[in-house]
Amino acid sequence: MEEEAGVRRWLVDITRWRPSPGQFDAAAALLPSHERPAIARFVKEDDRKRALVSRLLQYSLVHHVLRIPLHQINICRTPEGKPYLVLKDCSAFPNFNFNTSHQGDYVGIASEPICLVGLDIVSISKPQGETTTEFISNFSSYLTDHEWNCILHAGTSSEVLTEFYRYWCLKEAFVKAMGAGVGFGLHRLEFHHEHWTDISIHIDGEVAKKWRFWLFKLDEMHLASIAKGHPEDAVSSYKTALSTVSVTKEQLNSALESPEEAFTLWTVEQLTESLE
């Protein structure tokens, strides 16, 4: 199908890339100069790596999918900080959009040609110096009573922690797909599911029928979630960046109901080669 052509799910394990300073600078030099200060501002090497790989993924994916020469790729950011591609005309992919995420060992990107897409990756790390319940209590204002009860009754402290991160991951993916900023009230969102399949969202108590969600276990310590939804639900600043928010019912249903595939693992070397 034509619509499937713009769908990508890419993942990089940054622990497998141990560049020398020269190799790091060479990879960064492939990016437009305006992207580099945002990478250099990080003090920790791992944070710089995540920032660099996130941008390499964006430019590689756009180049790979849309065949745009690297020097012609124009990626901007909304006031909320969401990256988007400035695209003059792309009839094959009327709403081509992407979302990146990075935490722990992984940096990922997801793209869609028609519907909004949000990606979130979480690293399930045990709380330091406090119990799991104390740690999760810090986030209770972002959860509904229903979600809070589901989390607390998930089982062992390890299962409780994982359950919390599942809900958190889904909320973040939805907010990122819409292009909303950090001020969006996560407590307005409530997720329902059948053993973490057939996941649905209620916004302010109303079920949102034009959205679909998926959860992935990347490994024992990392989860990823994908949110897909109608372009009309984008926040106003992001909506203006999209080519069109009017999507036919058939187009939307086809995009929402298409099965989610596993992520494709890329190395940094593969990304840099694709841009050279």
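Residues numbered from 1 in each chain as written. Predicted model: local features only at pLDDT ≥ 70, side-chain atom pairs only at ≥ 80, totals over all residues. Heavy atoms only, no water.

Caption draft 1: Spatial organisation of the layout of surface pockets. Space inside the largest pocket adds up to approximately 890 Å³. The wall of the largest pocket is formed by 32 residues, among which T100, D120, E172, K176 and V182 lie closest to the centre. Sorting the residues of the lining of the largest pocket by element identifies α3 (45-66), β4 (97-103), β6 (116-123) and α6 (157-178) as the ones contributing at least two each. A per-class count over the lining of the largest pocket returns 14 nonpolar, ten polar and eight charged. Considering the residues around the second largest pocket, the lining is formed by 14 residues, among which I124, T162, R166, K217 and E220 are closest to the centre. (1 Å grid on protein atoms, 1.4 Å probe; cavity = no way out; pocket = protein on both sides within 12 Å on 5 of 7 lines; lining within 4 Å. Points joined across faces, edges and corners; volume = space filled by probe spheres on them. Helix = DSSP H or I, 4+ residues; strand = E, 2+ residues; numbered from the N terminus. Nonpolar A, V, L, I, M, F, W, Y, C, P; charged D, E, K, R; others polar.)

Caption draft 2: Structural context of the environment of L218. Within the secondary structure, L218 sits in strand β10 (residues 211-219). As a C-alpha pair, L218 and S123 span 95 residues in sequence and 9.8 Å in three-dimensional space. Filtering out sequence-adjacent residues up to four positions away, L218 remains in contact with L11, Y106, I121, L223, A224 and F263. (Contact = heavy atoms within 4.5 Å.)

Caption draft 3: Structural context of the pattern of salt bridges. Enumeration according to the criterion identifies 15 salt bridges in this entry. Between D47 and R50 there is a salt bridge; the shortest N-O distance is 2.9 Å. Taken together, the residues span about one helical turn, with D47 and R50 both in helix α3 at a distance of three residues. When its relative accessible area of 14% is taken as the criterion, R50 is described as buried. Shared partners join several salt bridges into a network, and the residues in it are R9, E112, K228 and E260. (Salt bridge = Lys/Arg side-chain N within 4 Å of Asp/Glu carboxyl O. Buried < 20%, exposed > 50% of the residue type's maximum accessible area, 1.4 Å probe, protein only.)

Caption draft 4: Quick look at the pairing of strand β11 (residues 222-229). The element β11 is extensively covered by neighbouring structure, given that eight of its eight residues are classed as buried. Here β11 shows a buried face lined by H222, A224, I226 and K228 and a second buried face lined by L223, S225, A227 and G229. As paired elements, β6 and β11 share eight bridges and run antiparallel to each other. From the neighbouring strand, V122 faces β11, where its bridge partner is L223. Bridge count for β10 against β11 is eight bridges, and the pairing is antiparallel. (Pairing = 2+ DSSP bridges.)

Caption draft 5: View of the side chain of S60. Along the polypeptide, S60 turns up in helix α3. At 2.7 Å, the side chain of S60 forms a polar contact with the backbone oxygen of L56. At 3.5 Å, the side chain of S60 and the backbone oxygen of L271 are in polar contact. Sequence-distant contacts of S60, defined by excluding residues within four places in its chain, comprise W10, L271, S274 and L275. (Polar contact = N/O pair within 3.5 Å; in protein donor to acceptor, adjacent residues only side chain to side chain.)

Caption draft 6: Structural context of the UniProt feature "domain: 4'-phosphopantetheinyl transferase" (unreviewed entry) in the chain. According to UniProt, the positions carrying the feature "domain: 4'-phosphopantetheinyl transferase" (unreviewed entry) are residues 117-222. Here residues 117-222 runs as 34% helix and 30% strand, with 20 Å between its end C-alpha atoms. (UniProt positions renumbered as here; feature names shortened; annotations may be inferred.)

Caption draft 7: Up close: helix α8 (residues 249-257). Looking at α8, one finds that the buried residues are L252, A255 and L256. For α8, the arc enclosing every buried residue in end-on projection is 95 degrees, short of the 170-degree limit, so these residues lie on one face. Buried residues belonging to α8 abut β10 and β11. (Arc of directions from axis to C-beta.)

Caption draft 8: Seen up close, the pairing of strand β8 (residues 197-203). Two elements, strand β7 (residues 189-194) and β8, share five bridges in a ladder whose sense is antiparallel. Among the inter-strand pairings, F191 is bridged to a residue of β8, identified as I201. The hairpin turn running from β7 into β8, its antiparallel successor, is two residues long, and H195 in that turn takes a positive phi close to 50 degrees. Where β8 lies against strand β9 (residues 206-207), two bridges are found, and the strand directions are antiparallel. Its bridge partner lying in β9, I203 is registered against E206. Two successive antiparallel strands, β8 and β9, enclose a turn made up of two residues, where D204 displays a positive phi of approximately 50 degrees.

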